Amino acid sequence: MTSLPIIDAHHHLWDLDGGPLYYPWLQDPVPHEFFWRLRGLRHSYLPDDYRRDSAGLNIVATVHVEAECDRAQQRDETRWLASVAERHGMPDAIVAHAWFHTPESAEVLQAQAAHPMVRGIRSKPLTSASPRESVAGRPGSMQDPAWLAGFARLRSLGLSWDLRVPAWHLPEAAEVCAQQWTSRWC
């Protein structure tokens, strides 16, 4: 075992064998286009699997980042992960999911923030398929007033934003962070 302590800041767990959540990208009959190359992941992955794969490493804590479950189940995923942590001692923290631009955004963000394991939110803005296209100003984009209002709520809730966008959207994300917050929050 390595003597250096490791905090795994991004991993996923899922139970595809009768678990309470539905993962379209893993369980739909036809794999989703973005994830088709990852079809080898279409099996349960639970704490025992994680521990087997990380054997020999000095993992001292882990952070589960939302795993693309059905978006109607985003709060259920947080509750499920808390029950997994209670039984298995991991994960230690959660980056949960919440949309920033939907009518129920404030309620979902508040509920996620109320959970003691939640430290941040991963909410993917609308992005373009290539750098030659623009989605600026469309609903769900980083210029959408509703999206920006949801994003701004994170600060008052003490939550970080877990960014996932194509590289050509990074300047927009940096601009949003600069306008809204200090870099501590992005």
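Before any of the text, the structure's been laid out above.
Since the structure is predicted, the reported quantities are computational estimates derived from the model, not experimental observations. (Residues numbered from 1 in each chain as written. Predicted model: local features only at pLDDT ≥ 70, side-chain atom pairs only at ≥ 80, totals over all residues. Heavy atoms only, no water.)

Draft legend 1. Structural view of the packing of aromatic side chains. This model, assessed by the stated rule, comprises seven aromatic pairs. Where Trp14 meets Trp25, the ring centres are 5.4 Å apart and the plane angle is 85°; that geometry is what we call edge-to-face. Residue Trp14 is located in the loop between strand S1 (6-11) and helix H1 (24-27), and its partner Trp25 is located in helix H1; the two are separated by eleven residues in the primary sequence. Here Trp14 matches Trp25 in class, with each residue buried. Taken together, the aromatic side chains of Phe100, Trp147, Phe151 and Trp161 make up a single cluster linked through ring pairs. (Phe/Tyr/Trp six-rings, centres within 6.5 Å; stacked < 30°, edge-to-face > 60°. Helix = DSSP H or I, 4+ residues; strand = E, 2+ residues; numbered from the N terminus. Buried < 20%, exposed > 50% of the residue type's maximum accessible area, 1.4 Å probe, protein only.)

Draft legend 2. Seen up close, helix H3 (residues 74-88). A rise of 1.5 Å per residue sets the reference length of H3, with its 15 residues, at 21 Å; its end C-alpha atoms lie 21 Å apart and thus fit the reference within 8%. Looking at H3, one finds that the buried residues are Gln74, Glu77, Thr78, Trp80, Leu81, Ala82, Val84 and Ala85. Close packing links the buried residues of H3 with helix H2 (47-53), strand S2 (59-65), strand S3 (93-97), helix H4 (105-114) and strand S4 (118-122). Just beyond H3, the residue with positive phi is Gly89, at close to 75°. (Expected span 1.5 Å × (residues − 1). Contact = heavy atoms within 4.5 Å.)

Draft legend 3. Structural detail: the packing of H3 against H4. At a minimum axis separation of 10 Å, H3 and H4 run at an interaxial angle of 5°. By the angle between their directions, the pair H3 and H4 is classed as roughly parallel. Counted together, Gln74, Arg75 and Thr78 of H3 and Glu107, Val108, Ala111 and Gln112 of H4 form the full contact between these two elements. Its residues placed into classes, the contact of H3 with H4 shows two nonpolar, three polar and two charged. (Axes fitted to C-alpha atoms, helices over the stretch in contact; angles between N-to-C directions. Parallel < 35°, antiparallel > 145°, perpendicular 65-115°, else oblique. Nonpolar A, V, L, I, M, F, W, Y, C, P; charged D, E, K, R; others polar.)

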